[in-house]
Amino acid sequence: MNWLLIALYPEAWRKRYAEEIAALLHDDPPGVRGRLDLVRGAFRAHLTPIAGLSSTVRASNTLTACLACFIGFCLVGAGFAKATEDEVFVRAADAHPLLNDAHQAVVAGALAGLLLLAIAALPLGGLTVARVARTRDRRLLGLMTIPLAAVGTLAVCVGLLAVWLDHHRGGAGAGGWSLFGLCVAVTLTAAVACWAAPRAILRRLAPPIGALRPSLLATAALSAAMIATTAAVGVYLVAMLADAPALASSANGPLALASTTELIGAQLAPMVLLSVLATTSVRRGLRACEPQGVAQA
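So, how was this worked out
Residues numbered from 1 in each chain as written. Predicted model: local features only at pLDDT ≥ 70, side-chain atom pairs only at ≥ 80, totals over all residues. Heavy atoms only, no water. Helix = DSSP H or I, 4+ residues; strand = E, 2+ residues; numbered from the N terminus. Buried < 20%, exposed > 50% of the residue type's maximum accessible area, 1.4 Å probe, protein only. Areas by Shrake-Rupley, 256 points an atom, 1.4 Å probe, with all protein chains shown as cover. Lys, Arg positive; Asp, Glu negative; His and termini not counted. Charge placed at Lys NZ, Arg CZ, Asp CG, Glu CD. Core = buried A, V, L, I, M, F, W, Y, C linked by side-chain atoms within 4.5 Å. Contact = heavy atoms within 4.5 Å. pLDDT = per-residue confidence, 0-100. Salt bridge = Lys/Arg side-chain N within 4 Å of Asp/Glu carboxyl O.

Per the secondary structure count, the protein chain includes twelve helices and two strands. Along the protein chain, from the amino end to the carboxyl end, the secondary structure elements read α-α-α-α-α-α-α-α-α-α-β-β-α-α. Judged by the C-alpha coordinates and their principal axes, the protein chain covers about 55 × 50 × 45 Å. Taken over 297 residues, the protein chain has a buried fraction of 33%. Carbon and sulfur atoms provide 69% of the accessible area of the protein chain, an area that totals close to 16,700 Å². Here the protein chain carries 23 positive and 16 negative side-chain charges, and the mean point of each set is 14 Å from the other.

Right under this line is the structure:
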């Protein structure tokens, strides 16, 4: 358990303090309150710049941190899309312009985010392909294939679930729930793979700060898209409460255990948190790209 608490901290922090903290935790195991303090400390450590890191390392950390935030954001956004996909939500949007506009803004923000992610990845993808072509680096080539394989596997699993449900309209049954569980597990695995592989590629490439600047600018726009999408979800929730209260109070989610308001509210909270974290990280990354004199000022 102690190693998991230490793993929550930034890598640069762990390199400096992990052994010392691990020894302290071993000699004096923390209680529940102590573990909560360590979790809060990890959160503060991620928000506090660490002295002594090069601008390249700071910029790389920003890119991987924002990627992690956006992947989590997409997972939560998929839940929002699932929660509002039924025909009753479409009819409500047709009847209430603000509800429709907010939903369209969510969709536009999601598409803009995916486009900006592709733009951010393009320069680094070009550097990776060029390095592989020049050096025949098999490890780098393997890292490039990991996200593709993960997304492909997820697509196959989702396709199998869709086929199953299409042929078993009376109920998912044990097979359907098993496929659903498999899809959830593969989704989480793919999310980790799509973050870990680019992170490993960045470390192996160690590109100069100039090569990272275009990706950082695209990532800054990506964080803005996350904020705009989060705001649109908030407007959607408020508009639904005002214009379609019956829909807002209707049962929704897995096994219909929560109302639509509770479900979207539970999705909105992590969206806000992830947007704030991504924006904070982007600010640091952009400062890392500034000339040294300007950054110190």
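Let us keep going from here.
In terms of nonpolar packing, the biggest core is built from 30 residues, with Met226, Val233, Tyr236, Met240 and Ile264 touching the most fellow members. For this core, the secondary structure elements donating two or more residues are helix H4 (55-83), helix H5 (87-95), helix H6 (97-135), helix H9 (209-243), helix H10 (245-249) and helix H11 (260-289). Excluding its chain neighbours within four sequence positions, the residues that come into contact with Met240 are Phe89, Leu99, Pro245, Leu247, Ala248, Thr260, Thr261 and Ile264. By size, the runner-up hydrophobic cluster in this structure holds nine residues, among which are Leu5, Trp13, Leu25 and Ala45.

Now for the confidence of the model for the protein chain. As a note on interpretation, predicted positions should not be read in detail where pLDDT is low. On average, the protein chain scores 87 in pLDDT, and the residues at 70 or more come to 93%. Here residues 293-297 is a poorly scored stretch, pLDDT under 50, and it has two contacts once near neighbours within four places are set aside; other chains count.

Let's shift gears to the pattern of salt bridges. By the definition in use, this model includes three salt bridges. Between Arg40 and Asp37 there is a salt bridge, with the nearest N and O atoms lying 2.1 Å from each other. Here the residue Arg40 and the residue Asp37 both occupy positions in helix H3 (residues 32-47), the gap between them amounting to three residues, near one helical turn. According to the relative accessible area criterion, Asp37 is partly exposed, its value standing at 35%. Across the salt bridge formed by Arg204 and Asp137, the nearest N and O atoms sit 2.8 Å from each other. One end of the pair, Arg204, is in helix H8 (residues 173-205); the other, Asp137, is in the loop between H6 and helix H7 (138-167), with 67 residues separating them in the sequence. By relative accessible area, which is 33% here, Arg204 ends up partly exposed.

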